[in-house]
Every structure is written in structure tokens, then in C-alpha cells.
Amino acid sequence: MTTAHPSNFGSTVWQMTLMGLRYLRGRKLRTVLTTLAIVFGVAMIFAINLILPSMQEAFAQTMTSVTGADLTVTSVSGESFDPEAVLPTVSGIDQVGAVTGILHRQFSLPTLGNSSLGDTAQIDLVGIDPATIEDVHQFVVSDGRFLEPGDSGKALLPAGIAELAPELHVGTTFPLITAGGLKIYNVVGLMAEQGDLSSPQIYVTLADAQAAFNQPGLINTVEVSLAPGADRDAVAANIQQALGDSYTLDQGDSSSNTLAAMQVGLAMFDVLGLLALFLGAFLIFNTFRTVVVERRHDLGMLRAVGATRQQITLLIVIESLIQGLIGTAIGLLVGYLMALGMITAFGQIASNFFHRGDLSLQFSLPGLLGAAAIGLATALIAGYLPARTAGRTAPLEALRPSTPANLMHAARWSLIGGAVVMILGVLLLLTGKQGAAGGAILFLMGMVVAAPGLVIPVARLISPLLSLGFAREGDIARGNLVRQPGRAAITGSTLMIGLATLVMIAALVLSFAALINSLADANFSSDLILLPQSIAVYDTVVGADENLANRVRALPEVQDVGTMRYASSVTADGQALQVMGINPDDYSKVASFTVNEGTPEEAFAALGSDRNALFTAIALSTVGLQVGDDFVLQTAEGPQTYHVAGVANDLFTFKIAAIFISQANLAADFHKTEDVMLLINLVPGADKDAALANMQNILTDYPQFTAHLTGEYKQELADVTSGALVAFYGVAFLILIPAALGLLNTLTINILERTREIGVVRAVGGSRKQVRRIVTAEALLLGLFGAAMGVLSGVAMSYGFIAAFGTVGWDMPYFFPLAGIIAAVVVGVLLALFAAVLPARNAARLDIIRALQYE
Amino acid sequence: MSVKHTLLALLYQHPQHGYELGKQINAVVNTEWDVKLGQVASTLARLKDAHLVDYEVEATDDAPDRKVYFITDEGRRELESWYLTPEVREYRLGDAFYVKLVLSLLGGPVSPEQVLITQRRELFQQLHEVTELLREADPRTQLPWVLLLESATMHLDADLRWIEMCEARLNDLKHYTPPLPTPKPRGRPRRKLAHSSKT
Amino acid sequence: MSIVRTESLTKVYGDVGQPIPAVHDVDLTVDEGEFVAIMGPSGSGKSTLLYLLGGLDKPTSGKVWLRDSDIDALDDDALSRLRRNQVGFVFQFFNLIPVLTAQENVAIPLILDGMPRARALKQADEALARVGLADRATHRPTELSGGQQQRVALARALVTKPSVILADEPTGNLDSRSSDDVVQMLRRAVDDWKQTLVLVTHDSRVAAFADRIVFLKDGKIVDDNRLKGKGNADQIREQLSKMVLS
Ligand SMILES: Nc1ncnc2c1ncn2[C@@H]1O[C@H](COP(=O)(O)OP(=O)(O)OP(=O)(O)O)[C@@H](O)[C@H]1O
Ligand SMILES: [Mg+2]
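Residues numbered from 1 in each chain as written. Chains lettered and ligands numbered in written order. Predicted model: local features only at pLDDT ≥ 70, side-chain atom pairs only at ≥ 80, totals over all residues. Heavy atoms only, no water.

(A) Here's a closer look at helix α1 (residues 46-53) of chain C. Residues and elements named next belong to chain C. Extensive coverage of α1 is indicated by the burial of 7 of its 8 residues. Of the positions making up α1, those classed as buried are K46, T48, L49, L50, Y51, L52 and L53. G55 sits one or two residues past α1 and shows a positive phi near 70 degrees. (Buried < 20%, exposed > 50% of the residue type's maximum accessible area, 1.4 Å probe, protein only. Helix = DSSP H or I, 4+ residues; strand = E, 2+ residues; numbered from the N terminus.)

The structure is reproduced here in C-alpha cells:
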């Protein structure tokens, strides 16, 4: 009799780890396949986490444009304000040293090549008051002189600019786009600091900056230095109290909207990674369920010689953890490589879009640990259930031949349970927009639950089809599949999720394209359009003052000109909104809205009076308002109450939270009078090409704008849209990778399990070809099973999600995704055939003698 | 058991005197088989007449001359054909236990089950004893003895298995009704041919 | 002193409609150092009885005591520990874990019990040496013959010095010669190492090694046959000669 050694738990764990490793090594192919799923999921998540911080960093860098001051004050809305409202108040506060006002904006330079700032893609134009700035900020001038009060057209550059534009020296000049047209600046000095070359700061006098942005007399930042020994927090609190809620300290995130949009985009990839891991979990679960059945002799023997249930559970959990660890480690590596690849590809887009090219990967420990933890947790959770089953193995299992469990019974219950869930899902789908997405998900879940029960009837249904090609093998294949309905169900479900996503995306793309088309038709009723550098991120756009519009209006060919202006703002409870300013009279002549209620004319009319705003549907749902409500908007003039006059969408704003107000209100409340877009109608019968030529002539003074014929632009837009939508298909196919792995895995396991049987088939005269055909038929059956389920739930999901988009205001037409369905079936069948190639070949090549001896 | 072939096999090893042959039989075959010297002498004489063996006279000083026998070519051939002739196993169905068991089936003071159990106990006791001897025997020095003991275990095992079979058959035998003796024709029964077996 | 004792031990398989009494009302006592063989026709409940004795299965009614503990009163964990420490099993098939070496297979009950691995492996080596397989310690089961595998299993049963070793047809799969090796080893476990052994077998020659043969039929004990020492060699020699001569 031995005594217990409870203290030495490690010995047991170590032995189990050894066992786990050897078991895994004994089944290499299966181990690899199962591990791949984890690799894939972890790689996705890790790659995103590598990229996201560097993206954020890039933005953060762009935003920390003015530094050095102890405190900075900006308007909550991010817009400019009158210095008189702030400077005297702040400088009167105790322990405040010096105060200075600044107007700065970061903007992209048009990619024209004639900017004279060399390779600079983006600059931060900072207007400073030379009289007071140096009390707050230290500048070291290495060459030339500092700015002086009264300077005009003089600029101070960072020394690093030489790298981008070697020909710039003290005394040379360069042109810069401004709201008033191109303006020539004289370099009077270079600063010692190198500067942030991704967005060099160019210092000019406050007056010059105000002219450049068409914001005379305004500033957007107040820099504060503290008296020596001052209590920073106390002073900040006092300033905040003195200025009220309309101002914020130490914050300058006017680009947060863009960042948020970007994060949403990347989060989608995160979801994809999670989905991949979810499928990976399915695979592991599936594999270990097989493992437990396969190893019941070993497990029973361990129980017989005294292993407790927990010890057996631990053994399996350790084994799945080993796979999790290996998969996670490889996944991290693959993720890193993926991120590298993505960043190179993305860098191109980024440099076009944000005029930044130098994205780099950023290791973050939490990101690494997070991805690793998720990978391990997946393995752990997916392994735990089978491990528990394993723990319940009776010791007698070791001594009996296999015990075919009563699966039919379980299958029936899953069918009933799944059907109930699916019916609930359908009801929810039909009841309305709100629950539609939930209904779709519920339907999908019901499908997963019902899958084990569906295997047998669906296999029976499909097999006549199969017997066309596989007269004899079809029945055997069906028998093989039906024997393990649980495994077939999981595999089918994996495939289903992939194919359902495909169907859904196909439907979404159809509807989305239709939506864009209808919006574009309504929007682009004008003949010509003048667009700024970027129509996605107005923050970084330098618009034009009224001169441009006036000059255009003066052209003989031009009949009407409508302009769009822009400001950013937040609601009282902090929701960011983009504020678009239009002149209802002019704008209605050149463009239209798609409105949810009433007519566009009524919508325009509403803007003409009071503080009325038209909301995009998304804005309305983000802010949580109803038509007719009043709400408070943070403006440069402090909080102002606006009224929700209606809902209107146009092509430029339909996917963002934006509101439309009149340009009069925009000027009064936000001090913004720059036009960021011009829509132009020509005199009937006018020569479009001549008009375009004239327009381009004017635009030599405003290189930030480009002129487009609306028809051409619409076409361009359609091309870009379909290009972007293709990317969605890419996403769908990415999800199909784990589904394919699942298929491959199941087929491989099925064959390993039936090694002896295959040996017998071969021994009694089955040809290699027949064995191969049996496996292929089985794969086809699985593929069709998954496709059938995928199509059903895909239709449900597409219907549900398109309906759900309705709740955020996108009333998309629903198109039955016939093409998607056909694609899903074809893809399902192809995947099955593809996944069958290797297992079928292995099965056919089995050595008969070895197979017969296989236990 | 053939004394004739035993002698031939021993002479095949090397020529020997009749007396030595008699002693060696026991040593080699390792049984209680006691062969009389006279039987050895008479068998040798018959072998000589059949030209299977021959002898030379060996002169000694103090004793009468001895005949040293050796095997002839004809003798070798005879020995070879003996080795190559399989021995026919005799079925011991006339065994006393068989009769006891069959009689018990007819009904009596003791059930057939009990008869079987009793016999099985005895057989197992014997098997146990033989097994114990076998465990003690050293196959390197006592090979013939080991072979003999193993043969015994196998025979006992066969008997035990037969008993096992009988036991399993008992359920069927419950429904067994022994055939009624059929009325015999009058007169003297005709004589049956008796089996005669040679070894 | 009794090591194993049962009282009205009964195991009924199947459902209420068609009960199969595999073991029926069995009272059996096995003393310390005893070597008991259990025989009986196929389906007579031998294995079932053995599993009940070793706590692998729960009786329908009746009791089993192993040393003084009533194993019906133990929960699953306690039962596992009892199997680990007090019982050694040798079965006909699937005795060894294929991914473990002979040495590790033998050590597994000790390791499961939390003994430091190095020490467990050392004890396993000793046990392997006892069954004559010292030179096969690092071999995997697939690299061993059937007889060797059974000896490894026996070493595993011995390594914990259990109260009782339960063997279910350990020689069922072996030829006469290997079977002989294994049963010799079992006998030695009883004689030299003072183990108690209950062995199920179909082979009379294996059973003849035992001190006692219990016959089962339809789940009941029909005969309990104690065998007396060894016979008189001369007497047996004489009897055998008759066999040869007849
Ligand atoms: N798990 C089970 N479920 C139902 N009946 C069982 C089960 N295990 C055993 N039995 C039945 O119990 C009876 C005894 O079985 P057991 O395995 O103990 O016989 P055995 O004497 O070991 O036979 P064998 O010599 O063939 O191994 C048999 O009738 C058998 O069919
Ligand atoms: Mg049995």
C-alpha cells in the first residue's frame, strides 16, 4: 500500500503533459489540422492588435500639434472661438502665468506635385501671436529670425523640412493653399527642432492663419503657462470653472470621428478573427470528442488503475492546452507576418487617404497577451466539454468492445430544440426591424442546435442526387455520415456559418449597391462638382472663401452654385456630430436629399428659418432623438438649442452621424464660412467642356479643389463602391478558410477512425478508386449538407440584417440573393471536393495489412 | 510399447552389451517401465534372426565372453520406418467414469451434476499435483520427465474440458430419454467381429 | 485474515422488463496470501464478480469489503484512490497505455498518486525486474510481445503492493508457453511476495496453479474446490507410466 502524495501534483501534471504530447505526435495530421484553426484565429486577432495601435499612434501624432504649453484650452465642439471670450478670463485666474491664442489646423496638401513643399503631404499650419507666444512656448531659432508682430506672408519652418523640401532656405518662398486661394509665404527663419515630419508645423502670424482659414478674428486654441510653483490641477479646475462646459482643457481630438470610423473598420476584422476562433473551437471540440471515443480503452484503463475523474479531465484539458499553446505561438508569428503584409498594403491606402505613409508595427504587450489569452481560452473551453465527458468514462470501458451510444435519441431532441429556436427566430424576423438581426442570429443558432437531428433526414434527401454520380458509393458514404451525426453536424455547422456569411454578404452588397445608386441619382443632379482633397475627412480639408463661389458664379456658362460647409460639434451628452452647412435656396437647385418623410422641398424649406437641423438617419439613431425634438449643440458660441426638423440623407453623409444646418447658422455659431464642396449647374445648352476648362483655370488659385463632370464622377464613384464591395467578398472567403479546415479535419478523422474498415473493404476486393470515391461522396454529402443549411440561414441573416439596417435609417431594398445562393452551393461543393482530395488519397493508399491490424 | 524398436533405437547410438541395454531403457524413457532381462535377450535373438542386429563376441579375461550387439543396415531401415509411422491414439471411451456418468443420467441417488463435480475435483487435484511437480522439475536436466508431466497436464486438461462440455450438455441431456431395449430376435445372436488392435 | 469478503453480492444487468442476473447472491471470502481461481462457463458472471470485487462496478445489492472498508460507501474519488492503492488489475486486453513506455505504464498508479516521478520510475524499474523485464523498461507496448505486455501489466499491479491483485483472463490471449510464464509469475507473487490473488480463467492448467478454484454458473457459486499441496512424485510417476504403457 502506498501513501498518498497530495503535495506532488506536479508529477502527475508533468506525466500527463508527456502523454498528451505523445498522443498528439501519434496523430500528426489531425493535430496539425486542429491546431491550424487556432493559428488562424490568433493570427487574425494579433495582426489587428499590431496594426491598430500604430494607426492610433499615427493619429495621435497628427493631433499633438502644439505642445510645450502647460495647459491648452479648446472648444468642446473643436471649432474656433473669439479670443476675447477666453483670453481675459484665463489670464485673470490666479497662478496663471502667460496666455496666448493660436489658430491652427492640420490639413492635407493636394497631391499636385507643385506645392513647393517637396514631399510634404500634410502640414499643420499654426497661427501664433509673436507678441505673447514666447511667454508660453520656447522656440529656438537656428537660422534667420523669429516671427514679429505685423509680419505678413512670413513663415517659420522646422529644420527637418529640409529633408522633405531641400530647396527651402531662409529667404526662399513657397505657395500654400488657403481659403482665399494660393498664397506665397516667405521663409524668415528655421527652428532648431526637427519637427514631426509626417505633418510639419509651419508657423505664421495669427492674422495670416485667420486669413488662410477664412476665420478672421478667431482662434481655436489657448495656450496657458503657469506661474512658477502653481498647482496645475487647481488652476485647471479654476479655468474650467471660469470658462464653463463649452471649453475643454488638454484636449484636441477633432479627428476622433475619423479614428472611430477606422476603429470600427478594424473591429470588423477583429470580429472575423473571433469568428475564426469560434470555428476553431468547433474543430477542437469535434476533434476531442473523437479522441475521447477513440481512446476509451486507455482512459478506462487509467480509471481502473486509480485515476480520478478530475485527473482524466485534466489529461484531456492539458492535451487541448498543448494544442492551444502551439497554435497560439504559431498564430502570433503568423499574425505578425500578416500584420506586416497588411501594413504594407494598408500603408498605400493610408498614404492616399490620410497622406501618411510611414505606418509601422507596434508591439503592445496587452495586445500580445490578449491574443494569446483568447487563443488559449478557446482551446481550453473547447477542450473542456469533451474532457468532462472523458472524466466520466467508466473504468469498465477499458474492458469492453466499443459501445455505440444511443445517438438517435439525442438527435431527435436536438431537432426539436433547434426547431423551436428557429421558429422563434423567424417570428422575430417577421415582427419588425428592431428584432430582425436578433432573429437572424437566433435562426442561425437554432440551425446549429438542430444540425445533429438534420443530418439523417437531409442526408436521405440529398443522397438520390448523389447516387447520380456515385451509384454504389453514395449509400456507404451516407451510412458513414449518419453513423456520427454529431460530428457531421458540427462540420456542417462550421460550413454553414461560412456559407451563410457568403449569402448574407452577397445580399448586402446587392442592396447596398442599389442604395448607393438611388442616393447618387438624387444627389448628383448638378452638372459639375468641385471637390476638396478628401471627401471622407473634412477635418483636414482647407476649403475656400466666398471668392471661389463668386468667381464660379460669374462664369458665363454657370447658372447655379450650391456650396457645402463643414464644422464639427458634439451634443450636450458628448455625441460627436458632423455639421454640414448648406444654403437651402442655392443648394436645392443643384442637389437633393433622399428623405424618409415628406419631400426634399419641405426639408430645404425647414432649414431656411431658426436653428433647424436635418439629421441623417444614423445621426438621429446615434443621438437618440425624434423628429420635432429640441437638442443642445456645443458651438463656438457656447451651447445652442437646435430643433430636429427632419431626416435627410445624401451620398456624402449617409454613413456618418451628420446634421445639416443653414450656412447662416454655421457662420454665426461655428464661425465657419469656408466652402468645402461646390455643386454647379450650367446654363442649359452651355458647353460643358468649356465650362470645365474655365473652372480649372480658376482652380489654379485653389489647388485643393478638383473639378469633375458629375456624370463621370458618378461613374468613378460606382467603380470605387464596387471595388470596396469586392473587399467584403474577401472577408466572406476568409471565413470560409476555417470552414474548409473543419471539413478536412472531419474527413480525416472519419478515415482514421475507419482505418480497419477500409482495410476490410480493400481486403475483400474494393479497389483504390472505390475507396476514394466513397470518401469523395462523403465529402460531397457533407458539403451539400452545409450548403443547404448555409443557404437557409444565409437568407434569414441577409433578410434580418438588411431589415436591421432600416432601423439606423438605411432603407435598403431587399433583393433575394440568388447569385449568392448559387455561389454558396458551388463553393460548398468545391470546398468539399477540395477538402476530400487529401483524405481520399490517404484512404486509397492505406496499406491493407497495416489497416487490418489497426486498433 | 515396442521393446523391439526401443532396442534398435538404443543400438543406433552405439553397439552395446545386452545387459547394458536393459538398464538404459529405464534411464532414457524415465518411467516405471520395468523390462525383464529375459525379455531383452529374447527380443535380441528375434532381431538377430530377422537380420536387424548382429553381434561380435568380445573376449574378457576374468568373465565369460560377452556378445556386443550392433545395428545392421536393415535394422537402420526398420528403425527409420518406425519413426516415420505415426502412433495411433487409442480412445479410452471404455473409461470407468464415462460409464458412471451415463448411468447417472438414467436417474439414481446422485445427480449427474454431482457426479461431474466430484470427478472434476479429482481431476483438478491431480492436475494441481502434476503442476506442482512440473514447477519443481528443471527442464534442463529432467527434460523427459518434464515432457511426461506436460503430457499429463494436457491429458488432464482434455479430460477437464470434456467434463466442461458434459456439464454444458447436461441441459440438453435433461430431455434425453434412453432408448428402450428393443425386443431381441429369438435364437442365438450372431457373433460380432471383435476389434483387434496392434501396437 | 480475510482480504476480500462479499455478502449476498448481486449484480443485475438489463432493465426491469428483462433482468440479467450476472452475479447472484455470492458469498465469498478470500484470505490473505490466498490464490483463488474463478472458473465457469462463458457468461457465468466471472468478470462481473471480479469487477465488483475491485470497485470497478457497483453491485445491485449485497456488499463487498476490501480489507475493512465497505466499498459501497465510497464516493467516486475514494474508490479511485482505493483502486490505485489497494487493488492491482491485470486484464486480457488493452492493459497498457500505448503512448507510455513499459516503465511509465508500471509507474502510472504511483504517479497518479502524486509520488515524485523519479521515485515512481525507480520503483517501476524494480517491479519490472521482478517480472524479468528489466531490459525492456523503455520499450513501448507495441514493441513488446503479448506475454511481455501481460508481465508489464503484472508489474504495474505489483508496484503498489496492493491488498489484492485481480486478474481477468490474463493468459487468455497467449500461447501455452507464454501463458505458463505469466502464471508462474503470478504464483511467485503469492508465494514469494505474499500477495493475494484472484484470477479468472478458462484454462484448467492455469487454474491448477491456484490454491483454490471457485466455480461459477449462472452467477452463483456451484463449487469451491480447495486443492491440497503437491502429490507424491513416485506415486504420480507410477501412474504416468501406466498412461504411457497403456
Ligand atoms: N454491461 C452489461 N450489460 C448487460 N449485460 C451484461 C453486461 N456485462 C455483462 N453482462 C451479462 O452478464 C452476464 C455475465 O457476464 P460476464 O462478463 O461476467 O461473464 P464472464 O463469466 O466473464 O464470461 P466470459 O467468460 O465470456 O468472459 C452475461 O450474461 C452478460 O451477457
Ligand atoms: Mg469475462
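(B) Representation of a negative patch on the surface. All names here are of chain A. There is a patch of like negative charges on the surface, built from D687, D689, E712, E716 and D719. In terms of residue count, the dominant contributor to the negative patch is helix α22 (residues 710-753) (3 residues). In this structure, D687 sits in the loop between β19 (677-682) and α21 (688-699). Looking at D687, the relative accessible area reads 45%, which means it is partly exposed. (Patch = residues over 30% accessible without salt bridge, like charges linked within 9 Å, V, L, I, M, F, W, Y side chains within 5 Å. Areas by Shrake-Rupley, 256 points an atom, 1.4 Å probe, with all protein chains shown as cover. Salt bridge = Lys/Arg side-chain N within 4 Å of Asp/Glu carboxyl O. Lys, Arg positive; Asp, Glu negative; His and termini not counted. Charge placed at Lys NZ, Arg CZ, Asp CG, Glu CD.)

(C) The arrangement of the sheet that holds strand β9 (residues 212-217) of chain C in detail. Residue and element names in this part refer to chain C. Reading across the sheet, the 6 strands line up as β6-β7-β8-β3-β9-β10 and stay open at both edges, with mixed pairing between neighbours. Of all strands in the sheet, those bounded by a partner on one side alone are β6 (87-90) and β10 (220-226). With direction set aside, neighbouring strand axes in the sheet form an average angle of 20 degrees. Bridging between β6 and strand β7 (residues 164-168) involves 4 bridges; their strand directions are parallel. Bridge pairing in β7 places V87 opposite V164. (Pairing = 2+ DSSP bridges. Axes fitted to C-alpha atoms, helices over the stretch in contact; angles between N-to-C directions.)

(D) Broad picture of the interface of chain A and chain C. Taken residue by residue, the interface counts 35 residues in chain A and 39 residues in chain C. Summing both partners gives a buried area of about 3,300 Å² for chain A against chain C, and 59% of it is carried by carbon and sulfur. Summed over the shared surface of chain A and chain C, the number is 3 salt bridges. A salt bridge links R22 of chain A to E104 of chain C; its shortest N-O distance comes to 2.5 Å. Where chain A packs against chain C, one counts 13 residue pairs in polar contact (both at pLDDT 80 or more). Those elements that provide at least two residues to the side of chain A that touches chain C are α1 (9-26), α9 (296-304) and α10 (309-353) of chain A. For the side of chain A that touches chain C, the element with the highest residue contribution is α1 of chain A, accounting for 10 residues. Split into classes, the residues belonging to the side of chain A that touches chain C amount to 16 nonpolar, 12 polar and 7 charged. (Contact = heavy atoms within 4.5 Å. Buried area = accessible area lost by both parts, 1.4 Å probe. Polar contact = N/O pair within 3.5 Å; in protein donor to acceptor, adjacent residues only side chain to side chain. Nonpolar A, V, L, I, M, F, W, Y, C, P; charged D, E, K, R; others polar.)

(E) Region of the structure containing the nonpolar core. Core analysis: the largest hydrophobic core is formed by 76 residues, its most contacted members being M19 and L302 of chain A together with L49, I97, V164, L166 and V198 of chain C. Setting aside residues no more than four positions away along its own chain, L49 of chain C makes contact with L9, V23, V26, L28, I38 and L216 of chain C. (Core = buried A, V, L, I, M, F, W, Y, C linked by side-chain atoms within 4.5 Å.)

(F) Main features of the site of ligand 1. As a structural note, the neighbourhood of ligand 1 is formed by 14 residues, with S42, G43, K46, S47 and T48 of chain C the closest of them. Chains contributing residues to the immediate surroundings of ligand 1 are chains A and C. The separation between an oxygen atom of ligand 1 and a polar side-chain atom of S42 of chain C is 2.4 Å. Contact between ligand 1 and K46 of chain C: an oxygen atom at 2.7 Å from a side-chain N or O atom of the residue. Out of a free accessible area of 630 Å², ligand 1 has 66% covered by protein chains. Elements with a minimum of two residues in the shell around ligand 1: β2 (20-31) and α1 of chain C. At 3 residues, the largest contribution of residues to the shell around ligand 1 is made by α1 of chain C. (Near = heavy atom within 4 Å.)

(G) Summary view of unusual backbone geometry. A positive phi angle, close to 55 degrees, is found at N214 of chain A, a residue other than glycine. For E169 of chain C, which is not glycine, the phi dihedral falls at a positive 45 degrees. As for its position among the elements, E169 of chain C is in the loop between β7 and α6 (176-191).

(H) A look at the environment of A43 of chain A. Residue and element names in this part refer to chain A. Along the chain, A43 turns up in helix α2 (residues 28-63). Given the relative accessible area of 1%, A43 is considered buried. Sequence spacing of A43 and L337 is 294 residues, and the spatial spacing of their C-alpha atoms is 8.7 Å. Apart from the residues within four sequence positions on either side, A43 is in contact with G331, V334, G335 and M338.

(I) Highlighting a positive patch on the surface. Residues and elements named next belong to chain A. Together, R768, K769, R772, R841 and R845 make up a positively charged patch on the protein surface. Contributing elements (two or more residues each) for the positive patch: α24 (768-807) and α25 (818-845). Of the residues forming the positive patch, the biggest block, 3 residues, is contributed by α24. Mapped onto the fold, R772 is located in helix α24. The exposure class assigned to R772 is partly exposed, which follows from its relative accessible area of 36%.

(J) Region of interest: the side chain of T6 of chain C. All names here are of chain C. Examined against the element boundaries, T6 turns out to sit in strand β1 (residues 2-13). Accessibility expressed as a relative area gives 4% for T6, which makes it buried. A polar atom in the side chain of T6 sits 2.8 Å from the backbone oxygen of V26. Among residues more than four places away in sequence, those in contact with T6 are V26, D27, L28, L53, K63 and V64.

(K) Quick peek at the pattern of salt bridges. For the structure on display, the rule yields 36 salt bridges over all chains. Across the pair E674 of chain A and R105 of chain A runs a salt bridge, and its minimum N-O distance is 2.4 Å. Here E674 of chain A is found in the loop between α20 (663-670) and β19, whereas its partner R105 of chain A is found in strand β2 (residues 96-108), with 569 residues between them in sequence. Each member of the pair, E674 of chain A together with R105 of chain A, is buried. Taking the shortest distance from any N to any O, the salt bridge between R309 of chain A and D76 of chain C comes out at 3.3 Å.

(L) The arrangement of the packing of helix α1 (residues 3-13) of chain B against helix α3 (residues 37-49) of chain B in detail. All names here are of chain B. Between α1 and α3, the least distance of the axes is 10 Å, while the angle of their chain directions is 80 degrees. On the basis of the axis angle, α1 is roughly perpendicular to α3. For the pair α1 and α3, contact is made by V3, K4, L7, L8 and L11 and by Q39, V40, T43, L44 and L47, respectively. Counted by class, the contact of α1 with α3 contains 7 nonpolar, 2 polar and 1 charged residues. (Parallel < 35°, antiparallel > 145°, perpendicular 65-115°, else oblique.)

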